[in-house]
Amino acid sequence: MDFAPPPGKVVDDAAVLTRLAAVEAALEQLCRAAAEPVGEHFGTLLDDVLRVLPTMADLPPDELCAESGP
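J.: Can you tell me about the overall build of the chain, naming the residues and giving the values?
T.: Scanning the chain from N- to C-terminus turns up 3 helices and 0 strands. Taking 70 residues into account, the globule formula puts the C-alpha radius of gyration at 11 Å, and the chain, at 15 Å, lies well above it. Taking contacts inside the chain between residues at least 6 apart in sequence as the whole, the part at least 24 apart equals 49%. Of the roughly 5400 Å² that the chain leaves accessible, carbon and sulfur atoms contribute 62%. Here the chain contributes 4 positive and 13 negative side-chain charges, whose respective centroids are spaced 6 Å apart.

J.: Report on helix H1 (residues 13–35), specifying residues and quantitative values.
T.: The terminal C-alpha atoms of H1, which comprises 23 residues, lie 33 Å apart, in line with the 33 Å expected from a rise of 1.5 Å per residue. Among the structural elements, helix H2 (40–52) and helix H3 (61–67) are those in contact with the buried residues of H1.

J.: Can you tell me about a negative patch on the surface, naming the residues and giving the values?
T.: On the surface, Asp12, Asp13, Asp62, Glu63 and Glu67 cluster together into a patch of negative charge. In terms of residue count, the dominant contributor to the negative patch is H3 (3 residues).

J.: Please set out the environment of Leu59 residue by residue, giving values where relevant.
T.: Relative to the helices and strands, Leu59 resides in the loop between H2 and H3. In the structure, Leu59 is positioned 36 residues away from Val23 in sequence and 9.6 Å away in space, judged by C-alpha atoms. With near-sequence residues (within four places) excluded, Leu59 lies in contact with Leu20, Val23, Pro54 and Leu64.

J.: Outline the packing of H1 against H2, supporting the account with residue identities and numerical values.
T.: Following both chains from N to C, one finds H1 and H2 inclined at 145°, their axes separated by 9 Å at the closest point. The hand of the H1/H2 crossing is left-handed. Contacts between H1 and H2 pair Leu27, Leu30, Cys31, Ala33 and Ala34 from the former with Leu46, Asp47, Val49 and Leu50 from the latter. Residues belonging to the contact of H1 with H2 are distributed by class as follows: 8 nonpolar, no polar and 1 charged.

Conventions we followed
Residues numbered from 1 in each chain as written. Predicted model: local features only at pLDDT ≥ 70, side-chain atom pairs only at ≥ 80, totals over all residues. Heavy atoms only, no water. Helix = DSSP H or I, 4+ residues; strand = E, 2+ residues; numbered from the N terminus. Rg over C-alpha atoms; globule rule 2.2 N^0.38 Å. Contact = heavy atoms within 4.5 Å. Areas by Shrake-Rupley, 256 points an atom, 1.4 Å probe, with all protein chains shown as cover. Lys, Arg positive; Asp, Glu negative; His and termini not counted. Charge placed at Lys NZ, Arg CZ, Asp CG, Glu CD. Expected span 1.5 Å × (residues − 1). Patch = residues over 30% accessible without salt bridge, like charges linked within 9 Å, V, L, I, M, F, W, Y side chains within 5 Å. Salt bridge = Lys/Arg side-chain N within 4 Å of Asp/Glu carboxyl O. Axes fitted to C-alpha atoms, helices over the stretch in contact; angles between N-to-C directions. Left-handed = near helix turned anticlockwise from the far one by under 90°. Nonpolar A, V, L, I, M, F, W, Y, C, P; charged D, E, K, R; others polar.

Purely geometric stuff here, so don't read any function into it on its own.
Printed below as a string of structure tokens:
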């Protein structure tokens, strides 16, 4: 995933939705990895990471697009 655009840069809805799709894909990969037998310590780390990351329900596209306007 790339870095967020610099503060003050205007971001259109398409860019927001593209970034949101990348976040969703990364969260899915983490969930799949957490379900695999990856070892106790790494599995615990993945569980901890997933517990603190926002879920897709926490990232409503309409609100994110509205927040990224000029």
